[in-house]
Amino acid sequence: MYLLMILPTRLKEKDTNGEVLWVWCYPSTTATLRNLLLRKCCLTEENKLLHPFVFGQYRRTWFYITTVEVPDSSILKKVTHFSIVLTAKDFNPEKYAAFTRILCRMYLKHGSPVKMMESYIAVLTKGICQSEENGSFLSKDFDARKAYLAGSIKDIVSQFGMETVILHTALMLKKRIVVYHPKIEAVQEFTRTLPALVWHRQDWTILHSYVHLDADELEALQMCPGYVAGFVDSEVSNRSDLYDVFVNLADGEITIAPLAKEAMTMGKLHKEIGQLIVQSAEDPEKSDSQVIQDISLKTKEIFTNLAPFSEVSDDGEKRVLNYEALKQRRFPPATENFLYHLAAAEQMLKI
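Bear in mind the structure is a predicted one, so any value in this text is a computation, not a measurement.

Criteria and thresholds
- Residues numbered from 1 in each chain as written.
- Predicted model: local features only at pLDDT ≥ 70, side-chain atom pairs only at ≥ 80, totals over all residues.
- Heavy atoms only, no water.
- Domains from an automatic or database assignment.
- Contact = heavy atoms within 4.5 Å.
- Buried area = accessible area lost by both parts, 1.4 Å probe.
- Salt bridge = Lys/Arg side-chain N within 4 Å of Asp/Glu carboxyl O.
- Phe/Tyr/Trp six-rings, centres within 6.5 Å; stacked < 30°, edge-to-face > 60°.
- Buried < 20%, exposed > 50% of the residue type's maximum accessible area, 1.4 Å probe, protein only.
- Helix = DSSP H or I, 4+ residues; strand = E, 2+ residues; numbered from the N terminus.
- Pairing = 2+ DSSP bridges.
- Axes fitted to C-alpha atoms, helices over the stretch in contact; angles between N-to-C directions.
- Left-handed = near helix turned anticlockwise from the far one by under 90°.
- Nonpolar A, V, L, I, M, F, W, Y, C, P; charged D, E, K, R; others polar.
- Core = buried A, V, L, I, M, F, W, Y, C linked by side-chain atoms within 4.5 Å.

## Overview of the domain arrangement of the protein chain
Here is step 1 of the chain: Here the protein chain is described as being made up of domain 1 (9-145), domain 2 (155-264) and domain 3 (268-346).
Here is step 2 of the chain: Taking the mean C-alpha position of each, domain 2 and domain 3 sit 21 Å from one another.
Here is step 3 of the chain: Counting residues at the interface gives 17 residues for domain 2 and 20 residues for domain 3.
Here is step 4 of the chain: For the pair domain 2 and domain 3, the summed buried surface comes to about 1,700 Å²; carbon and sulfur atoms form 73% of the total.
Here is step 5 of the chain: When residues of domain 2 are sorted by the area they lose upon contact with domain 3, Met 162, Met 172 and Leu 173 head the list and together hold 29% of the total.
Here is step 6 of the chain: At the surface where domain 2 touches domain 3, the tally comes to 1 salt bridge.

Printed below as a string of structure tokens:
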């Protein structure tokens, strides 16, 4: 279904004088979102590197931006580069990268948004656009599950080994993870993969793969109870108010913020989880999806262990943690602490 899926199409150009022009938009957009998208595209003066495709999320709206350099043969004689943006309500980078590439080829050939609009409407209404010259696009070819599985858990484990359990624990407890790398492509590839560590939730709304240290963006981010946020500005390392766990991807370091250390205390259970993750990821016979399945089974086991210490709430609407029963079980302190904070993350504490 794509009642969705492609909301606005927006077009930005950089002319030969170096100015970035907002050329065309359908439908209309807010000034705030327009400024954000101008910031995200790589056509502004401070951005010297061309990023062919970037994506991110802002206030529950996903944006997908493809930027191309205009060849001399194009009808666009006074334009050096342009970006096409699609905004949508679903996470599917491969889908929107494919569609924006087709729209880019159309604009390069015709120099007018009219042909793009025809294809946009065709996809919106029929889920398909076909063109011998510019390629075909079929919406149903891009399943959401494939987008969730597109990253590589094995690559993350290869880089961080046993420390991957810190990321798993932070995600289980719905903590705030900030990832830094100077290259946006590295940030996006890494961050998009992390939600798969808690596959049982299949929740990619926690992903904010391209964030600037802009007041409005940070305000929107901090309204989220837990998230995975990607930055290319090294200054984010000094913003401890933004994270519980900081990943310096460039240096291969993971740091737990002081205020999060109590909830993130590691023990025997975490060692078991870490060993399982590493052993599964290092098995050459296993695919990334099989590694995710192994981690998911361990996660289910953890929730099974928590279940005996829950009871129906007084209003009968949900199950809540019986903390006294948990304490009487006499788990190791780190395990008890983790199960308590897990119950809190799952909104199982009595109010």
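Having seen it, we continue.
## Considering the packing of aromatic side chains
Aromatic ring pairs are reported here in terms of the distance separating the ring centres and the angle at which the planes meet.
Here is step 1 of the chain: For the structure shown, the criterion picks out 17 aromatic pairs.
Here is step 2 of the chain: Centroid distance Phe 53 to Phe 55: 6.1 Å. Interplanar angle 35°. Geometry classified as tilted. Neither Phe 53 nor Phe 55 differs from the other in exposure class; each is buried.
Here is step 3 of the chain: Pairing Phe 53 with Tyr 64 gives two aromatic rings, centres 6.4 Å apart and planes at 10°, and the pair type is stacked. Note that Phe 53 is positioned in strand β3 (residues 53-58) and Tyr 64 in strand β4 (residues 61-69), a separation of 11 residues in sequence. Both residues of the pair, Phe 53 and Tyr 64, belong to the buried class.

## Concerning the side chain of Lys 298
Here is step 1 of the chain: Relative to the helices and strands, Lys 298 is located in helix α10 (residues 288-306).
Here is step 2 of the chain: With residues up to four places along the chain from it excluded, the contact list for Lys 298 reads Glu 272, Ile 273 and Leu 276.

## Quick word on the pairing of strand β5 (residues 79-88)
Here is step 1 of the chain: Across the 10 residues that make up β5, a large majority, 9, are buried.
Here is step 2 of the chain: In this sheet, β5 lies alongside β4 in antiparallel orientation, the contact comprising 8 bridges. Its bridge partner lying in β5, Val 68 is registered against Phe 82.

## Description of the pattern of salt bridges
Here is step 1 of the chain: Applying the stated criterion to the full structure yields 13 salt bridges.
Here is step 2 of the chain: The salt bridge involving Glu 301 is made with Lys 298; its shortest N-O contact spans 3.0 Å. Here Lys 298 and Glu 301 lie together in helix α10, a separation of 3 residues that amounts to about one turn.
Here is step 3 of the chain: On the accessibility criterion, Glu 301 (40% relative accessible area) is partly exposed.
Here is step 4 of the chain: Through salt bridges that share partners, Arg 39, Lys 40, Asp 214 and Glu 217 make up one connected network.

## Focus: unusual backbone geometry
Here is step 1 of the chain: Even without a glycine there, the phi angle at Arg 59 is positive, about 50°.
Here is step 2 of the chain: Located in the positive-phi region is Gln 202, a residue other than glycine, with phi close to 45°.
Here is step 3 of the chain: By the element assignment, Gln 202 lies in the loop between α7 (184-193) and β9 (207-208).
Here is step 4 of the chain: Gln 202 gets classed as partly exposed once you look at its relative accessible area, which sits at 36%.

## Notes on the packing of helix α6 (residues 164-172) against helix α9 (residues 268-282)
Here is step 1 of the chain: Look at α6 against α9: their axes get within 9 Å of each other, and the N-to-C directions meet at 115°. Of the two elements, α6 crosses α9, and the hand of that crossing is right-handed. Residues Thr 164, Val 165, His 168 and Thr 169 of α6 form the contact with α9, whose participating residues are His 270, Ile 273, Gly 274 and Ile 277.
Here is step 2 of the chain: Class assignment of the residues belonging to the contact of α6 with α9 gives a composition of 3 nonpolar, 5 polar and no charged.

## So, the pairing of β4
Here is step 1 of the chain: With 8 of its 9 residues buried, β4 lies for the most part within the structure.
Here is step 2 of the chain: Pairing of β3 with β4, which is carried by 6 bridges, proceeds in the antiparallel orientation. Paired with Phe 53 across the bridge in β4 is Thr 66.
Here is step 3 of the chain: Between the antiparallel neighbours β3 and β4 lie 2 residues, among them Arg 59 with a positive phi of about 50°.

## So, the nonpolar core
Most often, soluble globular proteins have nonpolar side chains that are buried together.
Here is step 1 of the chain: Counting 79 residues, the largest nonpolar core has Leu 194 and Val 247 as the members making the most contacts within it.
Here is step 2 of the chain: Tallying contributions element by element places helix α2 (residues 93-110) first for this core, with 10 residues.
Here is step 3 of the chain: Leu 194 has contacts with Ile 156, Leu 167, Leu 171, Ile 177, Val 179 and Val 228, leaving out every residue within four places of it along the chain.
Here is step 4 of the chain: Grouped together as the second largest cluster of nonpolar side chains are 14 residues, Leu 37, Cys 41, Val 54 and Ala 220 included.

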